[in-house]
Structure formats: C-alpha cells, structure tokens
Amino acid sequence: MLRKIFPDHWSFLLGELALYSFIVLIVTGVYLTLFFDPSMTETVYHGSYRPLDGLLTSQAYASTLDISFGVRGGLLARQIHHWAADVFVAAIGVHMLRIFFTGSFRRPREVNWVVGVTLFLLAMLEGFAGYSLPDDLLSGTGLRTAQGIVLSIPVVGTYLSFFLFGGEFPGERIVPRLYVTHILLVPGILFALITVHLTLVVYLKHTQWAGPGRTGRNVVGKPLFPQYAAKSTGLFFLVFSVLAFLGALAQINPIWSYGPYRPDQVSTGSQPDWYVGFLEGALRLMPGTETRLWGHTLMWNPLVPGIVLPGLLFLILYAYPFFERWITVGSGEHHLCDRPHDQPVRTGLGAAAVSCYAVLLLAGAQDVLSYLSHTPVHAVTWGLRVAFVVVPVLTFWLTKRLCLGAQARKRERLTEGEATGEVRQSVAGGYHPEHQAVTRVERYEMLLRDVPLPMAAPIRPDCSRARRVVHRARSGLSYWYYGDRVDYPATAGERQKIASVTAGPQRERPDS
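Residues numbered from 1 in each chain as written. Predicted model: local features only at pLDDT ≥ 70, side-chain atom pairs only at ≥ 80, totals over all residues. Heavy atoms only, no water.

**Quick notes on the packing of helix α3 (residues 74–101) against helix α8 (residues 224–249)**
One way to put it is that α3 packs onto α8 with a least axis distance of 8 Å and a crossing angle of 125°. Regarding the angle of α3 to α8, the classification is oblique. Viewed along their axes, α3 and α8 form a crossing whose handedness is right-handed. Across from Leu 76, Gln 79, Ile 80, Trp 83, Ala 84 and Val 87 in α3, the residues of α8 making contact are Leu 243, Ala 244, Leu 246, Gly 247 and Ala 248. Classifying every residue of the contact of α3 with α8 by side-chain character gives nine nonpolar, two polar and no charged. (Axes fitted to C-alpha atoms, helices over the stretch in contact; angles between N-to-C directions. Helix = DSSP H or I, 4+ residues; strand = E, 2+ residues; numbered from the N terminus. Parallel < 35°, antiparallel > 145°, perpendicular 65-115°, else oblique. Left-handed = near helix turned anticlockwise from the far one by under 90°. Contact = heavy atoms within 4.5 Å. Nonpolar A, V, L, I, M, F, W, Y, C, P; charged D, E, K, R; others polar.)

Laid out in structure tokens, this is it:
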C-alpha cells in the first residue's frame, strides 16, 4: 500500500480538494456544535450585538449571534465552515466534470460514479440543512421555499409538510430535525460513502492520461510514500490556509444584517448558496400555472422546477455511464482518459448541461439583474426563458464543431507537420511554407485514442418486432454518438499498437 502508484497530474487532485474541505468542515463543525442551541423557542436577545438588543428571536438565532460576537474565534470558525462547505460542493462538482469529460466513469468504474453522484447529492442536502440552522431571514426564506416545493407534490404533499415541520409552517421542530440531520445523519453517510469511494479507487486503480509507457494495464506516477504523501499533505495545508484566509477576510452569511426570520417578510435580493441557485432560477422562470384533476390541484410551479427538474437531473447523472455502455461496441475495461475533443458528442452534452446550469443560476438573480440593467423584470424573465432553451442547443453545436475542428487540426499536424515560420521559394517562383514533422512522442500521443466505431451489427430475421425497434434505436444513437469523427493517418502497425495499449486487463488483445 505504501508503494501504491498515483498519477502525477494536477487534475487528479480535484477529488482531494473535496476530501480536505470535508475534513475542515468536520473540525470547525465540532467546534460550532459546542455553542449552538438548535431550539426555535422564542427569547429576548440581550447579547454582544447591541443593534439587536431587546429583539424577539429564536434560541437558534440568538446562539448563532453569540457564536459570532461572544465566543472567542466563533465568527472565524463560522465563516471558515461556510467557505469550506462551498468549496466542498464545488470541488465535488468540478471533480465530476473531470471524470465525465475524460470518460473515467466507464467500465469498471460505473459503481464508483454512482457513489460520486450520491456524494454530490448528499453534499447539497448537507449544505442546505447547514445554512438553514441559524433561523435568520435568509435561511427562513429558503425553508419557506422548500415547504412550498413539498406542498406541490400531488396527494401526499400536505402530509409530508406536516410531518417535516411538525405542524403548520414554521413550527418548532424543523431546526432541531435539521440539526440532527446536519451533524449526525448526513455526515455519517458521507463518511461511509467517501470510504467506499476511496476503497474502490484503490481496488480499481487510477485512470491516467495516455502517454509513453502508459497502457490500460498499468499506472505510471509517484508512489504513495514518500512522494505523493508529501504532495498531498502540502495540498491539505494549502486548502486549510486558503479557507482560513477567506474566513478571516471575506465576509459570508452575515445573519445579523438579515435579522431573525419572520414569515411575513422576505428581503430583496434573497438567493441561496450557489449550488442550489439553479433551483431558485428554475422556480423564477417557470410560469405560475395549475391544473385541477380528480379533486386535486397540481401546482406546476413549484412541482416541475422543484421536484421534476432535479429528479431528472440526477436520474440522467446516475444513468449516463450505463447509457454510453449500451450504445458502445464492446464492453472491455477502459483505464486511459479520453481527451475531450476526441469525444465531441459527450463533450458537447457536458458543455450544454453546464450552460443550462449557468442560465438557471443567472435566473436566480433575475431581480438583481433587472435592477442593475434598468430592465423590467418580465423582460429579463422572458429573455432567460428563451436562453434556457436556445443556449444549451447552441452550446452543444458549437462545442461539437470545436472538437471536430481540433481533430482536423491534429490530422493536419500529423500529415503535414508543424509550421516552422519559414517560407521557401521554388524553382518556378512560387512560395511554400516550411513544415517540420512532429516528434515520435508527439505522434504517439496524438494517435493514442480509444474511440469505438458506431454499432452496425445486423438484425437477425427471427427477432421480435420489439427487439428490432430497440436495436434500431440503439444503432441510431450509437451512430449519432460516434459517427462524426476525423480519422488520423495511422499505419496498420500503429493501429494494432494503439489497440494493444488501450486494451484493459480483462479485454482480449488483438494479437492474442
């Protein structure tokens, strides 16, 4: 185990950013737990923050103020904790994007991808529960929004709301329940899943970028001890120092400015933390329509943006590795990372999803955008509604074209070589740019890619009609996914070498 090899590339440290942020969250969270009172019992505040002296607040809000102004190091710990939560979710998200765009979720790592998506979902839930605990006006507005989403669930929504809040909103049980969820239930599950995730990484071995000496049957890099351990320890202290710097100098979540929660008040410009900002944007873009069916009222807003949209998002995330495996010829193992431009459709889909998220995130601040641009709110809303439909389509098309252009450029370099910047005159008087052939190492790295051909297996005549339809759909999707490509000028020997290098340990080699 001490000699286990880790790939030596910065992109593989994104997961460690999430791990070390989680450690900082645990340490600061334990400290904050010693002073926080998770009670919604009303009390008159007489603490260190004089502007709110004599105000009626909950015990949760009053204890958060005491942590901020009466406990030594309390405000620093609060702000480090909040910044660490934002970095934790961001690191998981960027790490998942790296896994997606490089194809590192493919066999045999589909289960680890599912674990990672679950970690992302639980991290968002943990963050929502955490910033709802202080019972200030901003967090109370978020809880009110969450209750509206729960109420929109057909038939059972009312019962679920009464169960979660212990009666009518806001009740007196939601903060204690969120407190238990935040400090015990979700962290325990996160710790268990992180352990499973790391165990699978060790068991399945790391993916790695293609290059000389790197194949689908080995891992090239630095051993765990002492090289990688020293680098990883240094990264931990860097993460902690950056979070401490942000906690000390960058204010976040100033609950004393918001005031305690009151159900009849909502402050202007209220937005949640960034990782659930897309839900806020979806709620603002969805028209307020309702339908009466069989004595029940379906509130399409917030049902569609609050339940259907995130449910569809995570369903796609969970199912995507199995979808790509279904439309791919062969089921061998893949241990080399794809270059994103070698998979134009996958890269286009990922870029379209990111652009869709960006539009929804902007929509979550539609009132602020309206104020800053001096544009009516309804005009901003309709512009963002159009962008939600148009921008992902354009992003997919543009990204796919850029990827194919990068492949064409690579083919040109392989065929003609690199331009030297010199121009020569021929005997006939014409001028021609000089090119220099790429090096053997560069040629090897450019040719080394594992992109399967579209599925084109014939349909047996004795198959049922349903199987024929499924096969046609599968073949059509496979052709759409892998059909557009630029072939590289490789010799037969080079193609055989590439197939041997990219073959995993469980896949039969072409020369066997």
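**A look at α3**
Between its first and last C-alpha atoms α3 spans 41 Å; for 28 residues at 1.5 Å apiece the expected length is 40 Å, and the two agree. α3 sits mainly inside the fold: 21 of its 28 residues count as buried. (Expected span 1.5 Å × (residues − 1). Buried < 20%, exposed > 50% of the residue type's maximum accessible area, 1.4 Å probe, protein only.)

**Description of the environment of Gly 429**
Within the element layout of this structure, Gly 429 appears in the loop between β7 (418–425) and β8 (431–436). Classification of Gly 429 by relative accessible area gives partly exposed; the value is 33%. Taking C-alpha positions, Gly 429 is 45 Å from Leu 453, a pair spaced 24 residues apart along the chain.

**What about the environment of Gly 116?**
Residue position: Gly 116 is located in helix α4 (residues 110–131). Given the relative accessible area of 12%, Gly 116 is considered buried. Sequence-wise, Gly 116 and Phe 162 are 46 residues apart; in three dimensions their C-alpha atoms are separated by 32 Å. Once residues within four sequence positions are removed from consideration, Gly 116 is found in contact with Met 96 and His 197.

**What about the pairing of β8?**
In regular strands, side chains alternate between the two faces of the sheet. Little of β8 is tucked away, with zero of its six residues classed as buried. Note: β7 against β8, five bridges, orientation antiparallel. Among the inter-strand pairings, Gln 425 is bridged to a residue of β8, identified as Tyr 431. Between β7 and β8, which pair antiparallel one after the other, the connecting turn spans five residues, and Gly 429 there sits at a positive phi close to 100°. (Pairing = 2+ DSSP bridges.)

**Side note on a nonpolar patch on the surface**
Together, Val 155, Val 156, Tyr 159 and Leu 160 give the surface a local cluster of nonpolar side chains, amounting to about 400 Å² of exposed area. Note that Leu 160 resides in helix α6 (residues 157–165). Looking at Leu 160, the relative accessible area reads 35%, which means it is partly exposed. (Patch = residues over 30% accessible without salt bridge, like charges linked within 9 Å, V, L, I, M, F, W, Y side chains within 5 Å. Areas by Shrake-Rupley, 256 points an atom, 1.4 Å probe, with all protein chains shown as cover. Salt bridge = Lys/Arg side-chain N within 4 Å of Asp/Glu carboxyl O.)

**Quick look at the confidence of the model for the protein chain**
With 98% of its residues at a pLDDT of 70 or more, the protein chain shows a mean pLDDT of 90. Every residue in residues 507–512 is under pLDDT 50, and counting partners more than four places away or in other chains gives nine contacts. (pLDDT = per-residue confidence, 0-100.)

**Quick look at the state of the cysteines**
As enumerated under the stated definition, the model contains zero disulfides in all. No disulfide involves Cys 403; its sulfur sits 16 Å from that of Cys 337, the nearest cysteine. A residue is classified by how much of its surface remains accessible, and Cys 403, at 7% relative accessible area, is buried. (Disulfide = S-S within 2.5 Å.)

**Quick look at α8**
The end-to-end C-alpha distance of α8 is 35 Å, a good match for the 38 Å that 26 residues give at a rise of 1.5 Å each. Taken residue by residue, α8 has Tyr 228, Ser 232, Leu 235, Val 239, Leu 243 and Gly 247 as its buried positions. In this fold, the buried residues of α8 make contact with β1 (5–6), α1 (14–33), α3 and β4 (222–223).

**A closer look at the pairing of strand β5 (residues 290–293)**
Bridging between β5 and strand β6 (residues 296–299) involves four bridges; their strand directions are antiparallel. Looking at the pairing, Thr 291 lines up with Leu 298 of β6. Taking the residues that link successive antiparallel strands as the turn, the β5-β6 hairpin has two residues, and the phi of Trp 294 there is positive, at about 50°.

**Let's talk about the pattern of salt bridges**
Under the definition given, this model contains 18 salt bridges. Among the salt bridges present, the one from Lys 231 reaches Asp 8, with a minimum N-O distance of 2.8 Å. Here Lys 231 is found in helix α8, whereas its partner Asp 8 is found in the loop between β1 and α1, with 223 residues between them in sequence. Here Asp 338 makes a salt bridge to Arg 346, at a shortest N to O gap of 3.0 Å. The two residues Asp 338 and Arg 346 agree in class, both being buried. Ionic contacts of the salt-bridge type, sharing partners, join the residues Arg 106, Glu 324, Asp 338 and Arg 346 into one network.

**Re the nonpolar core**
Formed by 75 residues in total, the largest nonpolar core has its most connected members in Phe 88 and Met 124. The biggest single contributor to this core is α3, with twelve residues. (Core = buried A, V, L, I, M, F, W, Y, C linked by side-chain atoms within 4.5 Å.)

**Here's the deal with the packing of aromatic side chains**
Per the stated rule, a full pass over the model turns up 23 aromatic pairs. Taking the centre distance of 5.5 Å and the plane angle of 80° together, the rings of Phe 100 and Phe 101 count as edge-to-face. You'll find Phe 100 and Phe 101 in the same group, each marked buried. Ring pairing ties together the aromatic residues Phe 100, Phe 101, Phe 105, Trp 113, Tyr 320 and Phe 323, which thus form one cluster. In this structure, Arg 177 is placed above the aromatic ring of Phe 163, and the distance from its NZ or CZ to the ring centre is 5.6 Å. Its end group placed over the ring of Tyr 488, Arg 449 keeps NZ or CZ at 4.0 Å from the ring centre. (Phe/Tyr/Trp six-rings, centres within 6.5 Å; stacked < 30°, edge-to-face > 60°. Lys NZ or Arg CZ within 6 Å of the ring centre and 35° of its normal.)

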